[in-house]
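Listed below, chain by chain, are the residues.
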Amino acid sequence: MSVKVREIFSSIQGEGIYVGRRQIFVRFAKCNLDCDYCDTAHKRDAKFCMVAGKKKFLKTADDIVNEIKNLDTKDVFSISLTGGEPLIYTSLIKQIHKKTGIPLYLETNSTLPEKADEIKNLITYAACGLKLNYPKFYNDSLKTIEILNHCLKSGNLFVKVVITKNVDVGQIEELTGDLKNIGDLPLVLQPQTGIKWDNTYKNTLLTMSETAGNFLKEVRIIPQTHKFLGFE
Ligand code: SF4
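What comes next is a walk through the structure. (Residues numbered from 1 in each chain as written. Predicted model: local features only at pLDDT ≥ 70, side-chain atom pairs only at ≥ 80, totals over all residues. Heavy atoms only, no water.)

With 14 residues, helix H4 (residues 138–151) should reach 20 Å at 1.5 Å per residue; the first-to-last C-alpha distance of 21 Å fits that figure. Among all positions of H4, only Tyr 138, Ser 141, Leu 142, Thr 144, Ile 145, Ile 147 and Leu 148 are buried. On its buried side, H4 packs onto strand S6 (104–108), helix H3 (113–119), strand S7 (125–129), strand S8 (157–163) and helix H5 (169–182). (Helix = DSSP H or I, 4+ residues; strand = E, 2+ residues; numbered from the N terminus. Expected span 1.5 Å × (residues − 1). Buried < 20%, exposed > 50% of the residue type's maximum accessible area, 1.4 Å probe, protein only. Contact = heavy atoms within 4.5 Å.)

In the vicinity of the ligand, the contacting residues are Cys 31, Leu 33, Asp 34, Cys 35, Cys 38, His 42, Gly 84, Asn 109 and Lys 131. Looking at the shell around the ligand residue by residue, the class counts come to four nonpolar, three polar and two charged. (Near = heavy atom within 4 Å. Nonpolar A, V, L, I, M, F, W, Y, C, P; charged D, E, K, R; others polar.)

In terms of residue burial, S6 counts as a mostly covered element, since five of its five residues are buried. With burial as the criterion, each face of S6 is covered, one bearing Leu 104, Leu 106 and Thr 108 and the other bearing Tyr 105 and Glu 107. Note: strand S5 (residues 78–82) against S6, three bridges, orientation parallel. Within S6, the residue paired with Ser 80 across the bridge is Tyr 105. You can see the chain leave S5, run along helix H2 (residues 90–100) and come back into S6, and the turn it takes is right-handed. Relative to S7, S6 is paired through four bridges, and the arrangement is parallel. If you follow Leu 106 over to S7, its bridge partner there is Ala 126. Handedness of the S6-H3-S7 crossover: right-handed. (Pairing = 2+ DSSP bridges. Right-handed = clockwise from strand over helix to strand, strands pointing away.)

Take a look at the structure:
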């Protein structure tokens, strides 16, 4: 049997509006996209699961749930379902929800609206990535965000866009106009890790923030903080 979960560990959230919150991370194997800035092994099933740094062979949903429970501490805010793309594995997410009782935080690339619809009532928080490098999924992404936003409490969902050097201000203007039609959603502009923050790039980020601010009240520029803090 292929292993659906590549890693389980406890750490802090390093991205987005919940930065710094303690979470148990469940990193699913595989993704339906292939972004060139991806920092996770997402192209194949895992052969084993790393649990808090140790190699384990988890065969069933109960094995996964038990490892999650072992990592639960009083400061845990939620389980981060991350990847890869967690929405590929809706039946496993249902089991995790039913058997742990810990709030679920979904980190998704937002390209699978039917899957989002299937588990929308089980999710408490959502970080919805919007991949401007995949224009063919743009409408599906808006649909996913709309489905989840409809179910989650106000403020529990935010949209995250990685700002590569290929993203331009016009795309941010179009996107934020479309998001405004769904709701006044918090937006995080996430600078791509590893690229040089020269003055041109920084000015572009500020212009994007100003542009987005014409449509949405809460716009933030937040990098991947766990990388420079040395957390997983
Ligand atoms: S959507 Fe996320 S996990 Fe999938 S390839 Fe892109 S960055 Fe990697």
